[in-house]
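Now for the letters of each chain:
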Amino acid sequence: MDYAIDPELVALVDLLPRLSPDDLSEARATMRQLTAQLPPPDTTGVSISEQAAPGPDGAPEVIVRIYRPAARSGPVGVLDLHAGGFVLGDLDMNHAANVTMARDTGAVVVSVDYRLAPEHPYPAALEDSYAALSWFAEHAEELDVDPARIAVHGISAGGGICAALALLARDRSGPAIAFQYLGVPEVDDRLQTASMQAFTDTPVFNRPAAVFSWDSYLGHGVAGSADVPAYAAPARATDLSGLPPAYVSAMEFDPLRDEGLSYALALQAAGNRVELHLFPGTFHGSAMFLTHPAISQREQTEKIAVLRRGLAV
């Protein structure tokens, strides 16, 4: 199928990895290789360390990577959850982006190495992320962060986990979340939206990849059934009241487009403050080209602006 992708992005599509869900070990190896080939980021003005946070009951510790900018905008923090369809990714995946985010927002960024499916299906990733959020809030003072001014930030599956984390923290009366940045969030296991039905061959992520993602996260054959909780697929939530202000982005040629739009509107209908942006001519993951296409530069500039506004800095 032909798509009216932004001309600046079309020229870069052939550079993108072809990560087939048919061989997960190969996909993971390819992702690690691509990450290793990237030039190391300029970390000037950002100190970086790692810490083992207590994991969920009966589970291993959760490793977090902490980015502390020298130029602070205030006592604020961001918990970052990486993308990867619940099955890919690690602390190195977002390393360069987190250096930039810490420097440009002036916030302490804590990145979470949550467990991956299918070896560790739901709720492992969510509970690891909740443990990391709890650790961040408990250690906020030593990080010079106000525990009431921590945002969550995630893209794709990470965005879906962020949305679930906001629900879980509300329902457990857990750590406060000041703002939720939900970039192209993966929130609906039912796979029935128009964009999910239509986009079977889009770059980076498409319907077959989404099917594999949810089968891995929930277990084969569980997606779309009546037993999937909202903490796994936040689009299923019947009560979205009392959640943090949110920013939701969507890409025009992304199977996740319509579930993101619907979730944003549902958040707003429940009385939450929401900002929504649909970027034209884009596809899932097109924002990884930060330095060339104008549309990607706009998205990056907007991300920093909305995070700073969400954290009141």
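A quick note: this is a predicted structure, and the numbers were derived from the prediction, not measured.

K.L.:
Kindly report on the packing of helix H4 (residues 124–138) against helix H5 (residues 157–171), identifying the contributing residues and their values.
P.N.:
At a minimum axis separation of 10 Å, H4 and H5 run at an interaxial angle of 65°. Crossing of H4 against H5: the hand is right-handed. From H4, Ala125, Leu126, Glu127, Ser129, Tyr130 and Leu133 reach across to H5, where they touch Ile161, Ala164, Leu165, Leu168 and Ala169. A class-by-class count of the residues in the contact of H4 with H5 yields nine nonpolar, one polar and one charged.

K.L.:
Summarise the environment of Thr282; cite the residues concerned and give the values.
P.N.:
Inspection of the secondary structure assignment puts Thr282 in strand S8 (residues 274–283). For Thr282, a relative accessible area of 2% gives the class buried. C-alpha separation for the pair Thr282 and Ala210, spaced 72 residues apart in sequence, amounts to 18 Å. Contacts of Thr282, omitting those with residues within four sequence positions, involve Leu9, Met251, Glu252, Phe253 and Ile295. From its side chain, Thr282 meets the backbone nitrogen of Glu252 in a polar contact 3.3 Å long.

K.L.:
Provide a residue-level description of the side chain of Thr193, including the pertinent values.
P.N.:
Locating Thr193 in the fold gives a position in the loop between strand S6 (179–183) and helix H6 (194–198). Looking at Thr193, its side chain comes within polar contact range of the main-chain nitrogen of Met196, at 3.2 Å. Once you skip the residues sitting within four places of it in the chain, Thr193 turns out to touch Pro255, Asp258 and Glu259.

K.L.:
Describe the environment of Val152, and please don't skip the residues or the numbers.
P.N.:
You can see Val152 is positioned in strand S5 (residues 150–155). Sequence spacing of Val152 and Ala107 is 45 residues, and the spatial spacing of their C-alpha atoms is 12 Å. Contact partners of Val152, with chain neighbours within four places excluded, come to Leu79, Cys162, Leu165, Ile177, Phe179, Gln180 and Tyr181.

K.L.:
Describe the pattern of salt bridges, naming the residues involved and giving the relevant values.
P.N.:
The final tally for this structure, using the stated rule, is twelve salt bridges. For the salt bridge of Glu275 with Arg309, the shortest nitrogen-to-oxygen distance reads 2.3 Å. Of this pair, Glu275 sits in strand S8 while Arg309 sits in helix H9 (residues 294–310); the two residues are 34 residues apart in sequence, bridging distant segments of the chain. Connected via shared salt-bridge partners are Glu50, Arg65 and Asp92.

K.L.:
Which residues make up the packing of aromatic side chains, and what values go with them?
P.N.:
For the structure on display, the rule yields eight aromatic pairs. An angle of 0° between the planes, with centres 3.8 Å apart, marks the rings of Phe86 and Tyr217 as stacked. Here Tyr217 lies in helix H7 (residues 207–218) and Phe86 lies in the loop between strand S3 (77–81) and helix H3 (95–105), a separation of 131 residues in the sequence. Like Phe86, the residue Tyr217 is buried in the burial classification. For the ring pair Tyr122 and Tyr217, a centre distance of 5.8 Å and an interplane angle of 75° mean the geometry is edge-to-face. With Tyr122 in the loop between strand S4 (108–112) and H4 and Tyr217 in helix H7, this pair connects stretches of sequence that are 95 residues apart.

K.L.:
Could you give an account of H5, with specific residues and numbers?
P.N.:
The end-to-end C-alpha separation of H5 is 21 Å, in line with the 21 Å expected for 15 residues at 1.5 Å each. When you tally the buried positions in H5, you get 13 out of 15 residues, the bulk of the element. Ser173 lies just past H5 and shows a positive phi near 50°.

K.L.:
Would you mind going over the nonpolar core in detail, with residue names and values included?
P.N.:
Among the nonpolar cores identified, the biggest contains 64 residues, and Leu79, Phe136, Leu165 and Tyr217 are the most heavily contacted of them. The biggest single contributor to this core is H5, with ten residues. Sequence-distant contacts of Leu165, defined by excluding residues within four places in its chain, comprise Leu79, Leu81, Leu126, Ser129, Tyr130, Leu133, Val152 and Ile177.

K.L.:
Which residues make up the pairing of S6, and what values go with them?
P.N.:
The buried count for S6 comes to five of five residues, which makes it a mostly enclosed element. Side-chain alternation along S6 places Phe179, Tyr181 and Gly183 on one buried face and Gln180 and Leu182 on a second face that is also buried. This β-α-β element, S5 to H5 to S6, shows right-handed connectivity. Relative to strand S7 (residues 246–253), S6 runs parallel, the two sharing four bridges. In the sheet register, Tyr181 faces S7, and the bridge partner there is Tyr247.

K.L.:
If you had to explain the side chain of Asn206 to someone new, which residues and values would you point to?
P.N.:
Structurally, Asn206 can be placed in the loop between H6 and H7. Setting aside anything within four residues of it in sequence, one finds Asn206 in contact with Phe199, Thr200, Asp201 and Pro255.

K.L.:
Lay out the packing of H3 against H9 with the relevant residues and their values.
P.N.:
Here H3 crosses H9 at 50°, and the two axes come no closer than 10 Å. As the angle between them shows, H3 and H9 are arranged oblique. Like other packed secondary-structure pairs, H3 and H9 cross with a definite hand, here right-handed. Along the contact surface, H3 presents Thr100, Met101, Asp104 and Thr105, while H9 presents Gln300, Lys303, Ile304, Leu307 and Arg308. Across the contact of H3 with H9, the residue classes break down as three nonpolar, three polar and three charged.

Reading the values: the criteria
Residues numbered from 1 in each chain as written. Predicted model: local features only at pLDDT ≥ 70, side-chain atom pairs only at ≥ 80, totals over all residues. Heavy atoms only, no water. Axes fitted to C-alpha atoms, helices over the stretch in contact; angles between N-to-C directions. Helix = DSSP H or I, 4+ residues; strand = E, 2+ residues; numbered from the N terminus. Left-handed = near helix turned anticlockwise from the far one by under 90°. Contact = heavy atoms within 4.5 Å. Nonpolar A, V, L, I, M, F, W, Y, C, P; charged D, E, K, R; others polar. Buried < 20%, exposed > 50% of the residue type's maximum accessible area, 1.4 Å probe, protein only. Polar contact = N/O pair within 3.5 Å; in protein donor to acceptor, adjacent residues only side chain to side chain. Salt bridge = Lys/Arg side-chain N within 4 Å of Asp/Glu carboxyl O. Phe/Tyr/Trp six-rings, centres within 6.5 Å; stacked < 30°, edge-to-face > 60°. Expected span 1.5 Å × (residues − 1). Core = buried A, V, L, I, M, F, W, Y, C linked by side-chain atoms within 4.5 Å. Right-handed = clockwise from strand over helix to strand, strands pointing away. Pairing = 2+ DSSP bridges. Parallel < 35°, antiparallel > 145°, perpendicular 65-115°, else oblique.

By themselves, these are just geometric observations and shouldn't be taken as functional.
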